[in-house]
Each structure stands twice: as C-alpha cells, then as structure tokens.
Amino acid sequence: QVQLQQSGPGLVKPSQTLSLTCAISGDSVTSNSGVWNWIRQSPSRGLEWLGRTYYRSKWFHDYAPSLKSRISINADPSKNQFSLRLNSVTPEDTALYFCAKDSIGFSFDYWGQGSLVTVSS
Amino acid sequence: DIQMTQSPSSLSASVGDRVTITCRASQSIGTYLNWYQQKAGNAPRLLIYGTSILQGGVPSRFSGSGSGTDFTLTISSLQPEDFATYYCQQSYGTPFTFGPGTKVDIK
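Residues numbered from 1 in each chain as written. Chains lettered and ligands numbered in written order. Predicted model: local features only at pLDDT ≥ 70, side-chain atom pairs only at ≥ 80, totals over all residues. Heavy atoms only, no water.

> A description of the state of the cysteines should follow, citing residues and the corresponding values.
Put plainly, a disulfide is one covalent bond tying together the sulfur atoms of two cysteines. Summed over the entire model, instances satisfying the criterion amount to two disulfides over all chains. Through a disulfide, A:Cys22 is tied to A:Cys99; the S-S separation comes to 2.1 Å. Its torsion about the S-S bond being 60 degrees, the disulfide of A:Cys22 and A:Cys99 is classed as right-handed. A residue pair is termed long-range when its members are at least 10 positions apart, and A:Cys22 in strand 3 (residues 18–25) and A:Cys99 in strand 9 (residues 95–102) qualify at 77 residues. Per residue, the accessibility class of A:Cys22 equals that of A:Cys99, and both read buried. Bridging B:Cys23 to B:Cys88, the disulfide has an S-S length of 2.1 Å. One quick way to see it: the torsion about the S-S bond of B:Cys23 and B:Cys88 is about 75 degrees, and its sign makes the bridge right-handed. Of this pair, B:Cys23 sits in strand 3 (residues 19–25) while B:Cys88 sits in strand 9 (residues 85–90); the two residues are 65 residues apart in sequence, bridging distant segments of the chain. (Disulfide = S-S within 2.5 Å. Helix = DSSP H or I, 4+ residues; strand = E, 2+ residues; numbered from the N terminus. Buried < 20%, exposed > 50% of the residue type's maximum accessible area, 1.4 Å probe, protein only.)

> Describe the sheet that holds strand 1 (residues 4–7) of chain B, naming the residues involved and giving the relevant values.
Residue and element names in this part refer to chain B. Within the open sheet, the four strands sit side by side as 1-3-8-7. Their pairing is antiparallel. Because the sheet does not close on itself, it has two edges, and the strands there are strand 1 and strand 7 (62–67). Mean inter-strand twist for the sheet, computed between neighbouring axes without regard to direction, equals 20 degrees. (Pairing = 2+ DSSP bridges. Axes fitted to C-alpha atoms, helices over the stretch in contact; angles between N-to-C directions.)

> Give a detailed account of a nonpolar patch on the surface, specifying residues and quantitative values.
Residues A:Phe106, B:Tyr32 and B:Tyr92 make up a contiguous nonpolar surface patch of roughly 310 Å² in combined accessible area. Within the secondary structure, B:Tyr32 is located in the loop between strand 3 and strand 4 (33–38). (Patch = residues over 30% accessible without salt bridge, like charges linked within 9 Å, V, L, I, M, F, W, Y side chains within 5 Å. Areas by Shrake-Rupley, 256 points an atom, 1.4 Å probe, with all protein chains shown as cover. Salt bridge = Lys/Arg side-chain N within 4 Å of Asp/Glu carboxyl O.)

> Can you tell me about the sheet that holds strand 7 (residues 71–76) of chain A, naming the residues and giving the values?
Residue and element names in this part refer to chain A. Pairing in this open sheet of four strands is antiparallel, and the strands run 1-3-8-7 from one edge to the other. In the strand order of this sheet, the two ends are held by strand 1 (3–7) and strand 7, each with one partner. Ignoring which end each strand starts from, the neighbouring axes of this sheet average 20 degrees apart. In terms of strand pairing, strand 3 meets strand 8 (residues 81–86) through six bridges, oriented antiparallel.

Just distances and angles here, no functional claims.
In structure tokens, the structure reads:
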C-alpha cells in the first residue's frame, strides 16, 4: 500500500522559499509507472495542480505555467522522496499543500496528509 | 488552461436520495475526467477516473458518465458517509484543472 508522508515548515515569510518534502513508502520514486505531483488548495483558488515529476529512464518535469518561474519539483531516490520548492512567496501562496501519486494515468489516487503553509511576516 | 465548472455549487439531500452533479469543461476533453470526494480535514479521494471507471473500493452507488464537455456524477442512493464535497478534474492536458466543487449536505 502506497503511503505519502509530508513534512516541512508551516510558516514562511514573504519573498522567501517554501519547501516541502513527500516521503514515499510502498513504492519507489523511480518506478516506471508512478508520477509524483504537488497540488494545493485554498479558499480563493480551490484545488490547483502545481506540477509533477516522473522517471522514465530519465527525469521529466511539468509545471503549471502560472508558477513556472518560481517552482521546482525534484526527486531524491536515495531517500525515496520528492520535494517542492516555491520561490518568492507572497500571502497568495498560503494554502494547504498536498503531494499525490498518479499511478493510473492523469489522476491522483494516493495523497499525502496535507501541509498547511502560511505566508506571513 | 481548460476551465472546469460544476453545478450546483451545493445541494441538500436526504439519505436514500438520488443525487446528480454536473461538470462542464471549457473545451472538449474526451473522457479525460475524474471525480474526487473530499471530507473536511482530509485529502481528496479518487472516486472515478476516465469518466466512468470506478476506483477500487468505491461503492457501486457511484457512477459517472459523459464525454466531450459535459459530465455527470451520480450517487444512486445517498448514504450518510457520502455527505462531502465533490470535485471534477480534467486530465486531458496540463495544467490539470479542477472544478470548484459541489458540497452535498444533509437536508
């Protein structure tokens, strides 16, 4: 059974970098069938897909165009985890952040527990 | 980006009722449409993918239909554990986008 465990700070100052990690158990971040995503949820934006990474003999990344200049999603096979970094945050980045796995094809069938991140000085 | 809308935004229903939620895409997405259920404090749960394929463990009272731009989620007989918010999501292309949700509460 796949489990995703999120970690990271719950408070980030404006203009700084938001960093979250999603540790995987029950699967491998380098599996040829898994796609590893970050999604956030806020009252103003609803559910918003942020981006994904996956390994198919090499690493691939896709990001939401609205965030492309500020976001990076990377995997660490040695720790079997993947991470989100969002630069230059503003209060609009305050949200509940989820990591999620897509093992079926373009849907999210396993989710982390969620991490509430507040951007405030 | 493909915009997703849902109707109604909320509904009140009783246990045993048949409930239908509609989702519309701003352009044709074939059958690349997924449905999620979310309860307060929890992550969304995948119910249906590919418009009509039930995810493992999801009760058969849930069903999905549609194609192109118009889709429906139907709960044939609402159960107490079904009171939640439901979201559609298009998987036709990135950025993947979600509908704003339909909250189902107790009448």
